[in-house]
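# A closer look at the structure
Given next are the chains, with one letter for each unit.
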Amino acid sequence: MKNKVLFIIVLNQTELLDDLLLKFNDEVGQAATVIDSVGMAQHLSHLDEAKIFSTIRPLIISDHAENKTIYSVIPEEDLDLARKTVRNVLKDIGEPDTGIMFAVPVLFQEGIRE
């Protein structure tokens, strides 16, 4: 088995989801799964004032009520291509409220078509 990684994108700019998935499919050629998710900062922003200091509340409030988590098991040699593809759609992933991406090694897989 070739080395695989679990490539994960947490997308805050959900309006870019369709573009990202189409580009990912075209460029990387791997299937992906999308789940609805909410970040800790967004969840905490709904707590009342007694539970969170009003001075830090503005630091954790996001313009996005939810995000999408996309994950795909990809060959390790496609990792750079996958990262480039995400950057091409999201432009500057380092900007706040854009998203994050990371990968972790896959030790084994079953049920995934090659």
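Structure shown above.
These remarks concern the structure in this document. What you are looking at is a predicted structure, and each value in this text was computed from that prediction instead of being measured.

Before going further, it helps to spend a moment on unusual backbone geometry. Positive phi outside glycine occurs at Lys 91, with the angle close to 70 degrees. Classification of Lys 91 by relative accessible area gives exposed; the value is 64%. Phi angles above zero are rare outside glycine, and Asp 97 is one such case at about 60 degrees. When you line up the elements, Asp 97 lands in the loop between helix 4 (79-90) and strand 4 (99-106). By relative accessible area, Asp 97 is classed as partly exposed at 25%.

Further remarks concern helix 1 (residues 17-27). Inspection of helix 1 places Leu 17, Leu 20 and Phe 24 among the buried residues, and these make up the whole buried set. Buried residues along helix 1 cover an arc of 65 degrees about the axis, so they all sit on one side. Counted as exposed and oriented over 90 degrees from the buried face of helix 1: Asp 18, Leu 22 and Asp 26. Those residues of helix 1 that are buried lie in contact with strand 1 (4-11), strand 2 (33-37), strand 3 (67-75) and helix 4. Taken from the residues just after helix 1, Gly 29 is the one with a positive phi, measuring 70 degrees.

This brings us to the pattern of salt bridges. With the rule as written, the count across this model stands at 4 salt bridges. A salt bridge links Lys 2 to Glu 77; the nearest nitrogen and oxygen atoms lie 3.6 Å apart. Taken as a pair, Lys 2 in the segment before strand 1 and Glu 77 in the loop between strand 3 and helix 4 lie far apart in primary sequence, 75 residues in all. Comparing Lys 2 with Glu 77 shows no difference in burial state: the two are exposed. Among the ionic pairs, Lys 23 bridges to Glu 27, the shortest N-O distance being 3.8 Å. A residue pair is termed a helical-turn pair when its members lie 3 or 4 positions apart in one helix, as Lys 23 and Glu 27 do in helix 1 at 4 residues. Exposure remark for Lys 23: the relative accessible area of 32% places this residue in the partly exposed category. Here the salt bridges share partners, and the residues they tie into one network are Asp 36, Glu 66 and Lys 68.

Procedures and definitions
Residues numbered from 1 in each chain as written. Predicted model: local features only at pLDDT ≥ 70, side-chain atom pairs only at ≥ 80, totals over all residues. Heavy atoms only, no water. Buried < 20%, exposed > 50% of the residue type's maximum accessible area, 1.4 Å probe, protein only. Helix = DSSP H or I, 4+ residues; strand = E, 2+ residues; numbered from the N terminus. Arc of directions from axis to C-beta. Contact = heavy atoms within 4.5 Å. Salt bridge = Lys/Arg side-chain N within 4 Å of Asp/Glu carboxyl O.

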